[in-house]
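Residue strings, one per chain:
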Amino acid sequence: MHPKSIELLNKAVADELSAVHQYMYFHFYCDDYGYDLLANLFKKTAIQEMLHIERLAERILFLKGEVEMIASEEVEKIHQVDEMLKKAAKMEEDSATEYNIWANECAANADAISKQLFESLVSEEEVHFDQYDTELDNLKKFGDSYLALQSIERSKGRDTASTAANN
Ligand SMILES: [Fe+2]
Ligand SMILES: [Fe+2]
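So, a few notes on the structure that sits alongside this text.

Criteria and thresholds
- Residues numbered from 1 in each chain as written.
- Chains lettered and ligands numbered in written order.
- Predicted model: local features only at pLDDT ≥ 70, side-chain atom pairs only at ≥ 80, totals over all residues.
- Heavy atoms only, no water.
- Donors = N, O, S within 2.8 Å, 3.2 Å for Na, K, Ca; no water.
- Helix = DSSP H or I, 4+ residues; strand = E, 2+ residues; numbered from the N terminus.
- Buried < 20%, exposed > 50% of the residue type's maximum accessible area, 1.4 Å probe, protein only.
- Contact = heavy atoms within 4.5 Å.
- Salt bridge = Lys/Arg side-chain N within 4 Å of Asp/Glu carboxyl O.

**So, the coordination of the iron ion (ligand 2)**
- Only Glu49 (OE), Glu92 (OE), Glu92 (OE), Glu125 (OE) and His128 (ND1) from the protein reach the iron ion (ligand 2) as donors, at distances of 2.0 to 2.4 Å.
- Metal-to-metal, the separation of the iron ion (ligand 2) and the iron ion (ligand 1) is 3.7 Å; glutamate 49 coordinates the two. Of this pair, glutamate 92 sits in helix H3 (residues 81-108) while glutamate 125 sits in helix H4 (residues 112-142); the two residues are 33 residues apart in sequence, bridging distant segments of the chain.
- By relative accessible area, which is 0% here, glutamate 125 ends up buried.

Here's what the structure looks like:
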């Protein structure tokens, strides 16, 4: 049943897996640097991509296909925050472009449900793109002080926690 859709859905699973790996990698480093806002954004987005995999897998199984859990790309070992955001924004842009094309392919093969799934993913990837793009803008506008502020917020949080513990 719908072999082309199964192939496209698995390609999407592969891209989503790469996104989970890449964003968690960025999360680990941002967390280590003390940039909590960005660390949380990468982690939250990775979890959302994992939920995309779940939706794709459910559709593949409904179509009696096999879920191929193979990431499409190796993790890029990027340690610079601006480069992380550029890479993440590009990944979202590419996913949105691909999913638009694949939605049309599913429609052409009379698989309206897979088409709708891809369309719904496009709108979520566009939100992700926008979030990364906004952070990139903030970084350009405020420079290193934007990152410094995130570290200071973490220190303040620790200070408040220790004061509360001493009272
Ligand atoms: Fe996704
Ligand atoms: Fe995404």
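Now that the structure has been shown, the text picks up again.
**A word on the coordination of the iron ion (ligand 1)**
- Coordination sphere of the iron ion (ligand 1), protein contribution only: Glu16 (OE), Glu16 (OE), Glu49 (OE), His52 (ND1) and Glu125 (OE), at 2.0 to 2.3 Å.
- As a motif over one chain, the donors of the iron ion (ligand 1) read E-x32-E-x2-H-x72-E.

**So, the side chain of asparagine 138**
- For asparagine 138, the location among the structural elements is in helix H4.
- Residue asparagine 138 is classed as buried on the basis of its relative accessible area of 15%.
- Setting aside its immediate chain neighbours within four residues, asparagine 138 contacts Gly143 and Tyr146.

**Focus on unusual backbone geometry**
- The backbone of lysine 64 shows a phi angle near 65°, a positive value even though the residue is not glycine.
- Tracing the sequence through the fold places lysine 64 in the loop between helix H2 (36-62) and H3.
- The phi torsion at alanine 110 lies on the positive side, around 60°, for a residue other than glycine.
- Tracing the chain through its elements places alanine 110 in the loop between H3 and H4.

**So, the pattern of salt bridges**
- Within this structure, the stated rule accounts for 12 salt bridges.
- Two residues, arginine 154 and aspartate 31, come together in a salt bridge whose shortest N-O distance is 3.0 Å. Of this pair, arginine 154 sits in helix H5 (residues 144-166) while aspartate 31 sits in helix H1 (residues 3-33), placing them 123 residues apart in sequence.
- Accessibility expressed as a relative area gives 19% for arginine 154, which makes it buried.
- For aspartate 31, a relative accessible area of 35% gives the class partly exposed.
- One salt bridge in this structure joins arginine 154 and aspartate 36, with 2.5 Å as the shortest N-O distance.

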